[in-house]
Amino acid sequence: MNLNDIKDPNFLKTMKPKELKTLAGEIRSFLIESISETGGHLSSNLGTIELIIAMHYVFNSPEDVFLFDVGHQAYTHKILTGRINQFQTLRQTDGLSGYMNYQESVHDQWESGHAGTALSALLGILYAKKIKNEPGFGVAVVGDASITNGMSFEALNLLGTDHLVQGIVILNDNEMSISKSVGSISKTLTRFRSMKLFIKMKRLWQIILPNFILNFLSRVKRGLRGFLQRQNIFEDLGYMYVGPIDGHDIKGLIYNLERAQKVKKSVVLHIITEKGKGHTEAEQDTIGTFHGVSKASSMQKGISWSEVISLDLEAFQKIKKTFVIMPAMAVGAKFMNFAKHFPDRYLDVGIAEEHAATMAASMAHQCIPVFLPLYATFAQRAFDQIMNDIARSDHHVVFGIDRAGIVGEDGSTHQGLYDVSMFYTMPNMVITMPYNEKEAANLLYYGFMKQKHPFVIRYPRGIVQNRISLDEIEFEAIDPTWTYLEKGQDLSLISYGPSLDLLLQARLDMHLDANVINARFIKPIDENMLHEIMKKRSPILVYEECSNTGSLYPQILKFMSTHGYTNRIQSMSITDVIVKHGHYQDMLKKHDMDLSSVKKVIEVLQS
Ligand SMILES: Cc1ncc(C[n+]2csc(CCOP(=O)(O)OP(=O)(O)O)c2C)c(N)n1
């Protein structure tokens with residue numbers, strides 16, 4: 001069939017299993033070709049094609065609601081709901097989102113981007129349907145890594161024994177998070193996978209025996225299995241557990257989904273899929289390189305900020321041994337080499353930011369130097385733990401806040417725009433951002449060697465100019481002050497991180513006699529330098545690629561009002577707006593943060 005003709009999933013209902021299989025093959029070929037051009041979540045989507053076809057075959061979306069945990073694995077859902085023609089714009093400015101998106105389709109009824117939300121949302125959907133007296137099932141697809149998230153367990157704990165609602169939880173088990181799944185849940189699932197024969201027999205009993213005998217047997221079985229095999233965690237939590245099922249066998253999936261519809265309690269359908277199915281390299285990938293792939297034409301030269309920080313920390317091990325707690329982002333945060341070189345100083349804790357923060361706090365209390373890398377957006381998950389266990393108690397944890405600022409293609413759920421405000425509210429927190437590679441190394445050194453407070457080093461998603469290697473890295477003492485990148489009389493341009501390059505460029509292009517000030521210590525502020533520039537009474541621009549609610553700008557305003565300074569001051573920031581997916585430069589422009597916007601603001605300030 002011509003995939004471009006798909007308008008909605010109804011056409012599936014009359015198709016035969018063989019035709020559905022052919023369709024899966026066509027979608028797989030399309031996705032491999034299309035994602036290799038645009039970039040996107042390759043492996044996860046190649047693993048869910050048959051599942052999503054079966055879901056749309058059995059259920060009636062949007063009356064039946066589908067929730068995809070994270071939402072990165074739902075490309076087939078996008079195709080079956082009539083969006084294939086937009087795939088050439090996937091993750092691009094004004095194009096198709098890489099995640100579920102309320103604005104794109106009535107079939108997208110849960111947006112997330114952050115792992116672990118689907119089961120809570122499922123309970124919400126089911127209760128809403130009940131209150132509104134609306135028909136329809138709720139079906140949540142959760143990966144074997146996302147189900148280990150604390151939030152997933154909070155919801156699992158309730159749904160299994162809630163007799164007012166019935167949810168269908170599809171546990172999509174591919175043994176992978178981005179890299180390998182970790183922890184005891186993962187081990188438990190491995191044990192389930194080895195129980196296939198037992199499961200087949202159980203399926204047979206359920207077909208041939210009447211209900212009351214099944215119920216009786218179920219009780220006997222639980223006792224017996226508890227004795228013989230240890231129990232099934234999902235059954236213990238009150239669910240009917242069905243599985244493990246081959247997640248690429250459409251016929252089997254349809255059979256089991258139809259059964260799940262008829263069960264009068266919540267069901268966990270455990271399916272086994274292969275991440276990257278149909279793409280040889282992705283199938284063999286045990287590291288996570290193919291979880292998300294970049295657009296072919298967007299490969300930039302140089303190395304990423306994440307790699308700089310990871311290399312710095314490796315080099316720093318000669319000076320001090322530090323422990324890294326990694327919440328599931330080893331590949332993106334570029335810590336695979338660190339993990340290999342220092343296995344006894346590294347722990348992947350899975351998608352568990354809250355746990356990671358509290359664990360870091362207690363290690364710090366035991367005087368272990370801990371480095372905690374968190375993407376800015378995922379650090380939000382651990383607000384309470386960072387606030388209560390680290391900041392309140394003044395524990396010396398060093399944070400690497402990665403993907404700070406506009407993130408580009410991942411879009412609104414992944415923007416790193418709130419971390420400065422978040423950390424600013426926290427007592428004892430020191431917040432920094434390096435301008436270049438050299439400063440990154442020095443801040444890391446300073447954070448571990450000269451600080452006793454919780455210490456944040458934030459860095460963006462982009463690429464650094466100069467490639468650095470391990471043996472080039474040197475650490476120097478750094479003062480907790482701001483520095484002048486350029487000096488001048490007429491105005492002061494203040495920022496931190498690589499955004500300073502924009503200000504330097506504006507200065508150059510406009511032939512300005514201006515200070516360009518590197519506020520590398522975002523908190524605490526450099527009061528001496530502020531006095532120095534304020535006394536000149538010249539105008540000030542504070543440029544921050546983040547929300548300015550509670551960031552550097554209001555601190556400078558507070559300083560000015562305390563000391564009675566009345567300089568003209570202007571803030572450029574991304575405040576109270578949602579930044580969508582798209583090219584980094586496009587987003588800067590769209591939100592009046594690009595070079596030409598800087599120049600316009602400077603002109604106004606000088607007029
Ligand atoms: C709170 C949070 N932390 C980290 C991530 C980054 N992340 C996106 S997908 C993913 C792995 C998900 O694995 P799994 O749930 O097993 O789904 P799969 O991709 O294997 O289908 C991670 C860690 C995230 N989205 N949310």
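Keep in mind the model is a prediction, meaning the values are calculated, not measured.

Chemist: For the overall build of the protein chain, give the residues involved together with the corresponding values.
Modeler: Along the backbone of the protein chain there are 24 helices and 19 strands. Here the C-alpha atoms of the protein chain give a radius of gyration of 27 Å, agreeing with the 25 Å that 2.2 N^0.38 yields for 607 residues. Expressed as lengths along the three principal axes of its C-alpha atoms, the size of the protein chain is roughly 90 × 55 × 50 Å. By the burial criterion, 58% of the 607 residues in the protein chain qualify as buried. Nonlocal contacts in the protein chain, meaning residues at least 24 apart in sequence, comprise 77% of its contacts between residues at least 6 apart. Accessible surface for the protein chain amounts to roughly 25,700 Å². Of this, 53% is attributable to carbon and sulfur atoms.

Chemist: Can you explain the pairing of strand S9 (residues 370-375)? Please cite residues and give values.
Modeler: In terms of burial, S9 is largely enclosed, as six of its six residues are buried. Where burial is concerned, the two faces of S9 agree: the one with Val370, Leu372 and Leu374 and the one with Phe371, Pro373 and Tyr375 are both buried. Pairing of strand S7 (residues 323-326) with S9, which is carried by two bridges, proceeds in the parallel orientation. Each residue of the ladder has a partner; that of Phe323, found in S9, is Val370. Note that S9 and strand S10 (residues 397-402) share six bridges and pair parallel. When the bridges of S10 are listed, Val370 appears paired with Val397.

Chemist: How would you explain the domain arrangement of the protein chain if you had to name every residue and give the values?
Modeler: Taken as a whole, the protein chain is organised into domain 1 (3-284), domain 2 (300-472) and domain 3 (483-606). With eight residues of domain 1 in contact, the opposing surface of domain 3 contributes seven residues. Between domain 1 and domain 3, roughly 440 Å² of surface is buried when both sides are summed, and carbon and sulfur atoms account for 41% of that area. For the domain 1 face of the interface with domain 3, the top three residues by lost area are Arg91, Thr93 and Asp94, together amounting to 65%. Our count for the domain 1 to domain 3 interface comes out at one salt bridge. Note that Lys590 is salt-bridged to Asp94, the shortest N-O span being 3.0 Å. Joining domain 1 to domain 3, the criterion identifies four residue pairs in polar contact (both at pLDDT 80 or more). Looking at side-chain class alone, the side of domain 1 that touches domain 3 contains one nonpolar, five polar and two charged residues.

Chemist: Kindly report on the nonpolar core, identifying the contributing residues and their values.
Modeler: Ranked by size, the top nonpolar core spans 93 residues in total, and within it Ile386, Phe399, Trp482, Ile494, Leu552 and Ile556 carry the most contacts. Taken domain by domain, this core gets at least three of its residues from each of domain 2 (300-472) and domain 3 (483-606). Sequence-distant contacts of Trp482, defined by excluding residues within four places in its chain, comprise Ile494, Ile517, Asn518, Ala519, Arg520, Phe521, Ile525, Asp526, Met529, Leu530, Leu552 and Ile556. Ala24, Phe66, Ile79 and Ile84 belong to the second largest nonpolar core, which has 50 residues in total.

Chemist: Lay out the sheet that holds S10 in plain terms, naming residues and giving numbers.
Modeler: Overall, mixed pairing links the seven strands, which are arranged S8-S7-S9-S10-S12-S11-S17 in an open sheet. Among the strands making up the open sheet, the edge pair consists of strand S8 (346-348) and strand S17 (521-523). Across the sheet, the mean angle from the axis of one strand to that of its neighbour is 20°, orientation sign disregarded. Note: S10 against strand S12 (residues 455-458), four bridges, orientation parallel. Its bridge partner being in S12, Phe399 is matched across the sheet by Val456.

Chemist: Give a detailed account of the site of the ligand, specifying residues and quantitative values.
Modeler: Near the ligand, the surroundings consist of 23 residues, among which His72, Ala115, Ser146, Met176 and Glu353 are the closest. One nitrogen or oxygen atom from the side chain of Asp144 is found 3.3 Å from an oxygen atom belonging to the ligand. Met176 places a polar main-chain atom, nitrogen or oxygen, 2.9 Å from an oxygen atom of the ligand. For the ligand, whose unbound accessible area comes to 590 Å², protein coverage reaches 98%.

Chemist: Got a sec to walk through the packing of helix H21 (residues 527-534) against helix H22 (residues 552-563)? Specific residues and values, please.
Modeler: One way to put it is that H21 packs onto H22 with a least axis distance of 11 Å and a crossing angle of 65°. On the basis of the axis angle, H21 is roughly perpendicular to H22. As H21 runs across H22, the sense of the crossing is right-handed. Across from Glu527, Leu530, His531 and Met534 in H21, the residues of H22 making contact are Ile556, Phe559, Met560 and His563. Partitioning the contact of H21 with H22 into residue classes produces five nonpolar, two polar and one charged.

Chemist: Provide a residue-level description of the pattern of salt bridges, including the pertinent values.
Modeler: Summed over all chains, the structure comprises 15 salt bridges. Across the pair Glu274 and Lys277 runs a salt bridge whose closest N-O atoms are separated by 4.0 Å. Look at Lys277 and you get partly exposed, because its relative accessible area is 26%. Taken together, the shared-partner salt bridges connect Lys78, Arg83, Glu104 and Asp108 into one network.

Chemist: Which residues make up the packing of aromatic side chains, and what are the values?
Modeler: For the coordinates displayed, the defined rule picks out 17 aromatic pairs. With a centroid separation of 6.1 Å and 0° between ring planes, the pair formed by Phe234 and Tyr241 is classed as stacked. Neither Phe234 nor Tyr241 differs from the other in exposure class; each is buried. Relative to Phe342, the ring of Phe338 lies with its centre 4.9 Å away and its plane at 45°, an arrangement referred to as tilted.

Chemist: I'd like a description of the environment of His396, backed by residues and values.
Modeler: As for its placement among the helices and strands, His396 is situated in the loop between helix H17 (383-391) and S10. As for His396 and Ser310, which are separated by 86 residues in sequence, their C-alpha atoms are 19 Å apart. For His396, the residues in contact, after removing those within four places along its chain, are Ala364, Gly447, Phe448, Gln451, Lys452, His453 and Pro454. A distance of 2.7 Å separates a polar side-chain atom of His396 from the backbone oxygen of Gly447. Among the polar contacts listed, one links the side chain of His396 to the backbone oxygen of Gln451, at a separation of 3.2 Å.

Chemist: Provide a residue-level description of helix H11 (residues 250-262), including the pertinent values.
Modeler: Taking 1.5 Å of rise per residue, the 13 residues of H11 would be expected to cover 18 Å, and the 19 Å separating its terminal C-alpha atoms lies within 8% of that figure. Listed in full, the buried residues belonging to H11 are Ile250, Gly252, Leu253, Ile254, Asn256, Leu257, Arg259 and Ala260.

Reading guide: rules and limits
- Think of each chain on its own: its residues are numbered from 1, step by step along the sequence as written.
- Totals for whole chains, interfaces and linings use all residues, but because this is a predicted model, local features are given only for residues with pLDDT of at least 70 and pairs of side-chain atoms are given and counted only at 80 or more.
- For the side-chain quantities, the full set of heavy atoms in the structure was used; hydrogens and water were omitted.
- Helix and strand assignments come from DSSP, with helices taken as H or I runs of at least 4 residues and strands as E runs of at least 2, each series counted from the N terminus.
- In this treatment the radius of gyration is a C-alpha quantity, and the globule benchmark scales as 2.2 Å times the residue count to the 0.38 power.
- For every residue, the accessible area (1.4 Å probe, protein chains only) is compared with the maximum for its type, and the residue is labelled buried under 20%, exposed over 50%, or partly exposed between those bounds.
- In what follows, a contact means two residues having at least one pair of non-hydrogen atoms within 4.5 Å.
- Residue-level accessible areas treat just the shown protein chains as cover; the underlying method is Shrake-Rupley with a 1.4 Å probe.
- Should DSSP find at least two bridges between two strands, the strands are taken to pair.
- Bear in mind that the domain bounds are from an automatic or database domain assignment.
- By definition, the buried area sums, over both parts, the 1.4 Å-probe accessible area that each loses when the two are put together.
- We define a salt bridge as a contact between a side-chain nitrogen of Lys or Arg and a carboxyl oxygen of Asp or Glu at a distance within 4 Å.
- Definition of a polar contact: a pair of N or O atoms within 3.5 Å, with one able to donate and the other able to accept a hydrogen when the atoms are protein atoms, and with sequence-neighbouring residues admitted only if both atoms are side-chain atoms.
- By the convention adopted, Pro, Cys, Tyr, Trp, Phe, Met, Ile, Leu, Val and Ala count as nonpolar, Lys, Arg, Asp and Glu as charged, and the other residues, Gly among them, as polar.
- Buried Ala, Val, Leu, Ile, Met, Phe, Trp, Tyr and Cys residues form a nonpolar core when they are joined through side-chain atoms within 4.5 Å.
- To obtain an axis, a line is fitted to C-alpha atoms, over the contacting stretch when the element is a helix, and the angle between two such axes runs from 0 to 180 degrees between their N-to-C directions.
- Any residue with a heavy atom positioned within 4 Å of a molecule or strand is treated as near that molecule or strand.
- Here the word oblique covers every angle except those under 35 degrees (roughly parallel), over 145 (roughly antiparallel) and from 65 to 115 (roughly perpendicular).
- Crossing handedness follows the turn of the near helix against the far one: under a right angle anticlockwise gives a left-handed crossing, and clockwise gives a right-handed one.
- Geometry of aromatic contacts follows a simple scheme: Phe, Tyr and Trp rings, the Trp one being its six-membered ring, pair when their centres are within 6.5 Å, and the pair is stacked under 30 degrees between planes, edge-to-face over 60, tilted otherwise.
- In this analysis, the expected span of each helix is defined as 1.5 Å times one less than the number of residues it contains.

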